Amino acid sequence: MPKSGTPGVRESSLGGPMLWPSDEPWPFCGQPGHWAPPDGRNPAGTVPMVPVVQLFARDVPELTFPEGMDVLQLVWCPLIHPEDQACAALPRLYWRSEADVLGAGVLRTVPAPQEGEFEEEFMPSPCTVSPISVVEYPNWDLPQDLRQTLQPRIDELEERFGTDYALLACALQNKIGGYPAWNQKPDWPDCARGHRMEHLLSITAEDDLDMVMGDLGGIYVFLCRQCPELPYAHRYDC
Ligand SMILES: [Zn+2]
Ligand SMILES: [Zn+2]
């Protein structure tokens, strides 16, 4: 559960400062045509990306990290990208070793977008996180025959909770693993070698994050662990 706060670089956070090696330049986005509301001003060229998620292995024991890595970081561009399927964000994913970064030195001066260089909805405010484990079930990904078998139990559940199975099965929340809480038709990405990717994490609209992200949607990040370079992709769902 995210909680407003002032996380440090060595803490798991949403929108908090990152443990970034001083010898690696902070990422910028220079996609032509990206822009910020309300006036549709096209900001000058490149803008710094912003921290979205940082997770330390010690805080998410269920998440398998690549060998030797114990930090997961996600940044994205806080502007609107008309060309992108997701329209926004263009997340970039990094796996790191905490010890290596501490050894190399931590980047102290992280550039931040200036007024007019970001869309409010894509600027997560700093939160500490204390992950809890939940069991999830596929909603739209549930195979048709299994769904038929389970239908009496699904009906019973829907009656008892007064809501759709799709909403009960998995959480439309910031989360690691589980199933994407698709609002629209499932749209699982494949990597370039044709492997079906796995759902790595979801970043979703939450009031306490001051992010709206369209209508009740989320950005889902997927990962292929079968390819050594760990390719990833994202989907925007609303
Ligand atoms: Zn951009
Ligand atoms: Zn692959």
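Here the structure is a predicted model, which is why all the values come from computation and not from measurement.

Criteria and cut-off values
- Residues numbered from 1 in each chain as written.
- Chains lettered and ligands numbered in written order.
- Predicted model: local features only at pLDDT ≥ 70, side-chain atom pairs only at ≥ 80, totals over all residues.
- Heavy atoms only, no water.
- Helix = DSSP H or I, 4+ residues; strand = E, 2+ residues; numbered from the N terminus.
- Buried < 20%, exposed > 50% of the residue type's maximum accessible area, 1.4 Å probe, protein only.
- Contact = heavy atoms within 4.5 Å.
- Areas by Shrake-Rupley, 256 points an atom, 1.4 Å probe, with all protein chains shown as cover.
- Donors = N, O, S within 2.8 Å, 3.2 Å for Na, K, Ca; no water.
- Tetrahedral: all angles 85-135°; square planar, octahedral: opposite > 155°, others 65-115°.
- Bend = angle between axes of the 7 residues up to and from the residue.
- Salt bridge = Lys/Arg side-chain N within 4 Å of Asp/Glu carboxyl O.
- pLDDT = per-residue confidence, 0-100.
- Pairing = 2+ DSSP bridges.

Participant: Help me understand the overall build of the protein chain in this model?
Facilitator: In terms of regular secondary structure, the protein chain is built from three helices and 12 strands. Looking at the protein chain residue by residue over its 238 residues, the buried ones come to 47%. Put simply, of all contacts in the protein chain between residues at least 6 apart along the chain, 67% involve residues at least 24 apart. As displayed, the protein chain has an accessible area near 12,300 Å², and 52% of this comes from carbon and sulfur atoms.

Participant: I would appreciate a short explanation of unusual backbone geometry in the present structure.
Facilitator: For residues that are not glycine, phi is negative in most cases, and the peptide bond is trans in most cases. The phi angle at leucine 230 is positive, at roughly 50 degrees, despite the residue not being glycine. Here leucine 230 lies in the loop between strand S11 (218-223) and strand S12 (232-237). What makes leucine 230 buried here is its relative accessible area of 17%.

Participant: Which parts of the structure should I look at to understand the coordination of the zinc ion (ligand 1)?
Facilitator: Reference values for coordination geometry: four tetrahedral donors around a metal ideally subtend 109.5 degrees, six octahedral donors ideally subtend 90 or 180 degrees. Here the zinc ion (ligand 1) is held by the protein donor atoms Cys29 (SG), His34 (ND1), Cys77 (SG) and His81 (NE2), which lie 2.0 to 2.4 Å from it. Coordination at the zinc ion (ligand 1) comes from four donor atoms whose angles at the metal span 106 to 114 degrees, giving a geometry best classed as tetrahedral.

Participant: Explanation requested: helix H2 (residues 144-161) in the structure shown.
Facilitator: Since one α-helical turn is 3.6 residues long, residues separated by three or four positions face the same way. Residue leucine 150 marks the point of greatest curvature in H2, where the axis turns by about 60 degrees; the proline proline 152 follows within four residues. Burial within H2 is sparse, with just one of its 18 residues counted as buried. Remark: glycine 162 follows H2 within two positions and exhibits a positive phi of approximately 65 degrees.

Participant: Sorry if this is basic, but what is going on with the pattern of salt bridges here?
Facilitator: Under the definition given, this model contains seven salt bridges. Arginine 235 is the partner of aspartate 187 in a salt bridge, and the nearest nitrogen-oxygen pair spans 2.9 Å. Taken together, the positions of aspartate 187 in the loop between strand S9 (175-176) and strand S10 (198-204) and arginine 235 in strand S12 put the pair 48 residues apart, joining distant regions of the chain. Overall, aspartate 187 belongs to the partly exposed group, its relative accessible area being 35%. You can call arginine 235 buried: its relative accessible area is 18%.

Participant: Can you help me understand the coordination of the zinc ion (ligand 2) in this one?
Facilitator: Note on the zinc ion (ligand 2): its protein donors are Cys191 (SG), His195 (ND1), Cys224 (SG) and Cys227 (SG). The metal-donor distances range over 2.2 to 2.3 Å. Angles of 99 to 121 degrees at the metal separate the four donor atoms of the zinc ion (ligand 2), which places the site in the tetrahedral class. Read from N- to C-terminus, the donor residues coordinating the zinc ion (ligand 2) fall into the pattern C-x3-H-x28-C-x2-C. Of this pair, histidine 195 sits in the loop between S9 and S10 while cysteine 224 sits in the loop between S11 and S12, placing them 29 residues apart in sequence. As far as burial versus exposure is concerned, histidine 195 and cysteine 224 are alike and both buried.

Participant: Explain the confidence of the model for the protein chain here, please?
Facilitator: Parts of the model with low pLDDT should not have their predicted coordinates read in detail. Here the protein chain shows a mean pLDDT of 83. Residues at 70 or above account for 83%. When the elements of the protein chain are averaged for pLDDT, helix H3 (residues 165-169) gives the smallest value, 69, and helix H1 (residues 98-104) the largest, 96.

Participant: Sorry, what's going on with the pairing of S11 here?
Facilitator: A regular strand places its side chains so that they alternate between the two faces of the sheet. Buried residues dominate S11, accounting for six of its six residues. Going residue by residue along S11, you find Gly218, Tyr220 and Phe222 tucked away on one face and Ile219, Val221 and Leu223 tucked away on the opposite face as well. As defined by bridge partners, S10 adjoins S11 across six bridges and the pair is classed as antiparallel. The partner of glutamate 198 across the bridge, within S11, is leucine 223. Here S11 runs beside S12; their pairing, made up of six bridges, is antiparallel. Residue pairing for S12: phenylalanine 222 is matched across the bridge by alanine 233.

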